[in-house]
Amino acid sequence: MRTPRILTFAGSIRTGSYSAALAALAAKELSSLDCEPVLISLADYPLPIYDADHEASEGVPAPAMQLRDQLASADGVFIVTPEYNAGVPPLLKNAIDWASRAKGQGDPFTKPVFAIGCTSPGALGGYRASMMLRQVLALGLNGLVLAEQAMVAGAGNAFAEDGGLKDERAQQRLRTLMTTLIEQAALRAGLRA
Ligand SMILES: Cc1cc2nc3c(=O)[nH]c(=O)nc-3n(C[C@H](O)[C@H](O)[C@H](O)COP(=O)(O)O)c2cc1C
């Protein structure tokens, strides 16, 4: 039987992004667990700001279709959000909005199980953005979002040279979250009894 496919991405394409670092670390953890990890960057899915007139005249852009298909073919999805003004940054919200407009096989938001990560240089670690992302995924898109989440505060000093987290307990919590995501994704996809 196949293993669950777990998609991971960050809501930042900034050089040196802490969210991208956390997403990459999660993908590394996933690669040692019983799943098929897929790490993507939103830089490979360039999209205009959503505009209904654009959609009406030109349809949904190809990158939105591709992102939608990545989500729909995943059994689990781990999204790491940065925090902009206590919310989800426009890059991530725009990508989700466009993907929600694309039609295709499978449902990109109700099929996979979602887990949320957040990080910021501040003391709250992007917690407020994580709540907004939870609202978008669960209330807006009817997605199943795990209660557990990964939060890394003080991001400027949280990552070691090798990309791991300096705080061993935080590293263990991330690993536990990835294990839970795999288990729940496998159950939902009928890959495990
Ligand atoms: C427009 C803007 C608003 C921000 N607002 C917040 C905020 O509300 N809370 C916070 O912790 N950090 C805030 N920051 C700082 C970001 O957390 C920081 O730039 C972070 O490195 C962005 O994530 P990234 O490293 O993944 O690109 C803000 C940054 C920008 C550019």
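Residues numbered from 1 in each chain as written. Predicted model: local features only at pLDDT ≥ 70, side-chain atom pairs only at ≥ 80, totals over all residues. Heavy atoms only, no water.

**Q** Got a sec to walk through the sheet that holds strand S3 (residues 76-81)? Specific residues and values, please.
**A** Sheet architecture is open: five strands sit in the order S2-S1-S3-S4-S5, paired in parallel fashion. Across the chains shown, the open sheet's two edge strands, defined by having one partner strand only, are strand S2 (36-39) and strand S5 (144-152). The average angle at which neighbouring strand axes cross in this sheet is 20°, direction not considered. Bridge count for strand S1 (residues 5-10) against S3 is five bridges, and the pairing is parallel. The residue bridging phenylalanine 9 from the neighbouring strand is isoleucine 79, located in S3. Helix H5 (residues 127-140) rests against S3, strand S4 (113-119) and S5 of the sheet, and its axis sits at about 165° to S5. (Pairing = 2+ DSSP bridges. Helix = DSSP H or I, 4+ residues; strand = E, 2+ residues; numbered from the N terminus. Axes fitted to C-alpha atoms, helices over the stretch in contact; angles between N-to-C directions. Contact = heavy atoms within 4.5 Å.)

**Q** Account for the pattern of salt bridges, with residues named and values stated.
**A** Scanning the entire structure with this criterion turns up ten salt bridges. The partner of arginine 68 in a salt bridge is aspartate 69, with the nearest N and O atoms 3.0 Å apart. Judged by its relative accessible area of 1%, arginine 68 falls in the buried class. On the basis of relative accessible area, aspartate 69 is assigned to the partly exposed category, the value being 39%. Note that arginine 128 and glutamate 83 form a salt bridge whose closest N and O atoms lie 2.7 Å from each other. Placement of arginine 128 in helix H5 and of glutamate 83 in the loop between S3 and helix H4 (90-101) is noted, with a sequence separation of 45 residues between them. Note on glutamate 83: relative accessible area 17%, which makes it buried. Within this structure, Arg2, Asp75 and Lys111 form a network of salt bridges that share partners. (Salt bridge = Lys/Arg side-chain N within 4 Å of Asp/Glu carboxyl O. Buried < 20%, exposed > 50% of the residue type's maximum accessible area, 1.4 Å probe, protein only.)

**Q** Explain the packing of helix H1 (residues 18-31) against helix H6 (residues 168-188) residue by residue, including any values.
**A** One can describe the packing of H1 onto H6 by two numbers: an axis separation of 10 Å at closest approach and a directional angle of 65°. Considering how the two elements wind past one another, H1 and H6 form a crossing that is right-handed. Of H6, the residues touching H1 (which contributes Leu22, Leu25, Ala26, Glu29 and Leu30) are Gln171, Leu174, Arg175, Met178 and Ile182. Class assignment for the residues of the contact of H1 with H6 results in seven nonpolar, one polar and two charged. (Left-handed = near helix turned anticlockwise from the far one by under 90°. Nonpolar A, V, L, I, M, F, W, Y, C, P; charged D, E, K, R; others polar.)

**Q** Outline the pairing of S5, supporting the account with residue identities and numerical values.
**A** Where S4 meets S5, six bridges bridge the pair, whose relative direction is parallel. Bridging from a neighbouring strand, threonine 119 pairs with valine 152 of S5. For the crossover from S4 across H5 to S5, the handedness is right-handed. (Right-handed = clockwise from strand over helix to strand, strands pointing away.)

**Q** Can you break down the packing of helix H3 (residues 62-72) against H4 residue by residue, with the values?
**A** Direction vectors running N to C along H3 and H4 enclose 85°, while the axes themselves pass 8 Å from each other. Judged by the angle between their axes, H3 and H4 are roughly perpendicular. Of the residues in H4, those in contact with Ala64, Leu67, Arg68 and Leu71 of H3 are Ala95, Trp98 and Ala99. Of the residues contributing to the contact of H3 with H4, the split by class is six nonpolar, no polar and one charged. (Parallel < 35°, antiparallel > 145°, perpendicular 65-115°, else oblique.)

**Q** Give me H5: which residues, what numbers.
**A** Compared with the 20 Å implied by 1.5 Å per residue over 14 residues, the 19 Å span of H5 between its first and last C-alpha is a close match. Among all positions of H5, only Ala129, Ser130, Leu133, Arg134, Val136 and Leu137 are buried. Each buried residue of H5 sits inside an arc of 160° when the element is viewed along its axis, so together they form one side. In H5, the exposed positions angled more than 90 degrees off the buried face are occupied by Gln135, Leu139 and Gly140. Tucked inside the fold, the buried residues of H5 contact S3, H4, S4 and S5. A positive phi of about 60° marks asparagine 142, the residue just after H5. (Expected span 1.5 Å × (residues − 1). Arc of directions from axis to C-beta.)

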